[in-house]
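One-letter residues, chain by chain:
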Amino acid sequence: MAKTQSLMAIVEKEKLTEDIYRIKLKYGREAKIEDIIPGQFVGVYPPQKDKILPRPVSICDFEKEERLITLVFRTAGCGTRDIASLREGDELKVLGILGNGYDIEQLRGKKTALLGGGIGIPPMLYLAKKLSGIADVTCYMGYRDSHTFLLDDFKAASKTVTATEDGSIGVKGNVLDALQADAQKGTFPEALCACGPLPMLRAVQRFAAERDILCFLSLEERMACGVGACLGCVCRTVSEDEHFGVPLARVCTDGPVFEQSQVVLEW
Amino acid sequence: MNGPDLSVEIAGVRFENPVMTASGTFGSGREYSEFFDIGRLGAIVTKGVSTVPWEGNPVPRVAETPSGMLNAIGLQNPGVETFIREDLAFLKDVGTKVIVNVCGKSTEDYLSCVERLGSEERVDMLEINVSCPNVKEGAIAFGQDPKVLFDITDRICRIAGKPVIMKLSPNVTDIAEMARAAEAGGADAISLINTLTGMKIDVEKRTFVLANRTGGLSGPAIHPVAVRMVYQAAHAVRIPVIGMGGVADAQDALELILAGASGVAVGSAVFNRPDTAIQVIDGIRDYLIRHGIGSVRELIGAVC
C-alpha cells in the first residue's frame, strides 16, 4: 500500500497574478515522504463537501528536509476558487503523489530546453532545479502578457527566456518562437520538455519530430480518480496498450509525461 | 464477545458484509489495493467486460456537477480474454467475492461473454449491464423496454453458470415493471441504480462539456432517487436487490438497506475518498452496536 490520501497544512499562500496562486503545503507528522520526480502531480480536493473530485495540480517545488511541497494553480472554476480562498493554517485534503514524471536520466548531459506555457509553467521550475548540474538547461516561459509569475524563481534556477503573446516582455510570440530565435543563433537543444496548452504541445511535438529531438510532453486531461481506475483521462497513443488492447493510455498513471513519439494529440 | 453479524446472502452466495464496489468506479481493484486492504470488501464488482476490447468514447469523458459527476467513459475495457488472464488472476488471492460486470452491443455479445465467464472458478456472480447510457448500440437499449429486458434476461439465465444480477437503469418510467421483467426472465438478483442520463454545457465556450454530449450522473446528487427506486423495486419482486447510487457513508448505505437492499455498492465516492467502502462497513457495524441489533439482515427492508 504505497499511495495515500492525507491532510496537508497550508503554511504559505500567495496571490501571484489575478488568477494564479501559490501555496506551500506541509506534510503531516506521520507522513512518509518519498522523493518526487518532476512532472508528478497531486490531486487536491476543494474544501466544500459538494465537490467530490480531486483537482490535478503539478508539483512546482519539493523541499524534502522542510517537508514542503509547492503548488501553483489557476482558479479555473468554483473548485479551484474555493481552494484559493483557504488561508494559511487551513488544511487541504491531498491525494498523491500521482503519475509518472520526466525521465531525468535520459536528459543527463544534454542541452535541454524546458518549455512552459501558461499554467504549464509551474512544474518546469522543479524540473529546472532537479536538472541543475545534470543537464545544460534553458527555460522558455510563455505568458499571455506582462502578468508573469515565477519568473524570478526561474531566473534563479537556470537560464531563462521569456515570451509574451503581446510582446510586452521578452520575445513577442510563444515559447516556440523564442526557441527558434535562439536556434537560429546556433543554440540548438538536444532535448525538449514541454507542458502547456494543447496547441503548444502539438507545435512542440511537430518541432521535435521534424528534427528528431528527444522530447517529453506533459499532458493535461479532465480526471476523476487520478489513480488509473476509472479510465476518465485517456489520450491517444501510437501503439496499443498492453493490457487494454486499444491505442489509448491513461494520462494519470501512464503519464502525464509521455515521450512525444508515443502520443497522438488528436482524437 | 462477538460483534454484530454483517454477513448477507444474495442468491445463494454468502458475503462477509453487504458493502461492494459499484462497477466502473473501481477497475478490478488493483489501483485501489495500493490504498487499502480490498479483501475487506463484501465484494468487488469489476468494470464491465465485453467479448473484445472496447475503446470507449473520446475525451473529455468526465465532468464535475453539483454534488456529483457526469461520466461518458463508454465502457472501455480489455475484453474478456485479457480480463480473465490478467484481472481475474490478480483477484485470485484477494479474499472477497468477485462479481463480474458484463456489457455487450448485441444479445450474442452478452451470451458469449456470459458463457466464457461461467466456467471461471474465481467468478462468484455475474452482473449484466443493460443500463449504460454512454454506448450507442446495445447496453441501455436492453434495459428500457420490459419485453426486451425479459428476453435478454431469459436467454442469459438459461446459459449462465453463475447467479445473475441484472443491473437496472433509472432512466425508465416505471422501475417496478422493469424489476418484475428481470425477475420473470429468471434473474437471481437485481441491482440499481445505474447512472441518470445528464448533460453539461460550457457557457463560455458554448459547447458540450463531454465529447459524448450526454453522460451518466452519479454521486450524492442521485442518492434520494436511488433510495426511492430501490424501495419500489424491492416491493415489486421477491429476488434480492443490491442498492447503489450516491453512497458516501454508512448513513447512505443504511437508507438503501432499510429501503430493501440486501447489498449496497459504493461508486464515485471512491474518487473522493479511496477507502469509503471500508468507512461504510465500519459505520454499519457501529450503527448495529449502537442500536443493539444482532445482524444487518434484520434491517433489510425494515422501513416499509
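Nothing here was measured: the structure is a model prediction, and the numbers come from that model. (Residues numbered from 1 in each chain as written. Chains lettered and ligands numbered in written order. Predicted model: local features only at pLDDT ≥ 70, side-chain atom pairs only at ≥ 80, totals over all residues. Heavy atoms only, no water.)

J.: Explain the sheet that holds strand S3 (residues 41–45) of chain A to me, and be specific about the residues and the numbers.
T.: Residue and element names in this part refer to chain A. An order of S1-S2-S5-S4-S3-S6 is seen for the 6 strands of this closed barrel, with the pairing classed as antiparallel. Mean inter-strand twist for the sheet, computed between neighbouring axes without regard to direction, equals 45°. Pairing of S3 with strand S6 (residues 91–98) involves 4 bridges; the strand directions are antiparallel. Following the sheet pairing, Tyr45 is matched in S6 by Lys93. (Pairing = 2+ DSSP bridges. Helix = DSSP H or I, 4+ residues; strand = E, 2+ residues; numbered from the N terminus. Axes fitted to C-alpha atoms, helices over the stretch in contact; angles between N-to-C directions.)

J.: Could you give me a rundown of the side chain of Glu221 of chain A, with the residues and numbers involved?
T.: With respect to the helices and strands, Glu221 of chain A occurs in the loop between strand S12 (214–218) and strand S13 (234–237). Salt bridges are absent for the buried Glu221 of chain A, whose nearest opposite-charge side chain, Arg222 of chain A, sits at 5.8 Å. With near-sequence residues (within four places) excluded, Glu221 of chain A lies in contact with Cys233, Val234 and Val251 of chain A together with Val59 and Pro60 of chain B. (Buried < 20%, exposed > 50% of the residue type's maximum accessible area, 1.4 Å probe, protein only. Lys, Arg positive; Asp, Glu negative; His and termini not counted. Salt bridge = Lys/Arg side-chain N within 4 Å of Asp/Glu carboxyl O. Contact = heavy atoms within 4.5 Å.)

J.: Outline the packing of aromatic side chains, listing residues and values.
T.: Per the stated rule, a full pass over the model turns up 8 aromatic pairs over all chains. Centre to centre, the rings of Phe188 of chain A and Phe207 of chain A are 6.2 Å apart; their planes meet at 20°, and the pair counts as stacked. A residue pair is termed long-range when its members are at least 10 positions apart, and Phe188 of chain A in the loop between helix H5 (175–184) and strand S11 (191–195) and Phe207 of chain A in helix H6 (residues 198–211) qualify at 19 residues. For Phe188 of chain A, a relative accessible area of 34% translates into the label partly exposed. Seen from their ring centres, Tyr110 of chain B and Phe142 of chain B are 5.3 Å apart, and the 80° between their planes marks the pair as edge-to-face. Linking Tyr110 of chain B in helix H2 (residues 107–118) with Phe142 of chain B in the loop between strand S8 (125–129) and helix H3 (146–159), this pair joins segments that are 32 residues apart in sequence. Note on Phe142 of chain B: relative accessible area 11%, which makes it buried. An aromatic cluster is built from Phe26, Tyr32, Phe35 and Phe36 of chain B, whose rings are joined through pairwise contacts. The ring centre of Tyr45 of chain A lies 4.6 Å from the NZ or CZ of Lys93 of chain A, which sits over that ring. Here Arg211 of chain A stacks its cationic end above the ring of Phe207 of chain A, 3.9 Å away from the centre of that ring. (Phe/Tyr/Trp six-rings, centres within 6.5 Å; stacked < 30°, edge-to-face > 60°. Lys NZ or Arg CZ within 6 Å of the ring centre and 35° of its normal.)

By themselves, these figures tell us nothing about what the structure is for.
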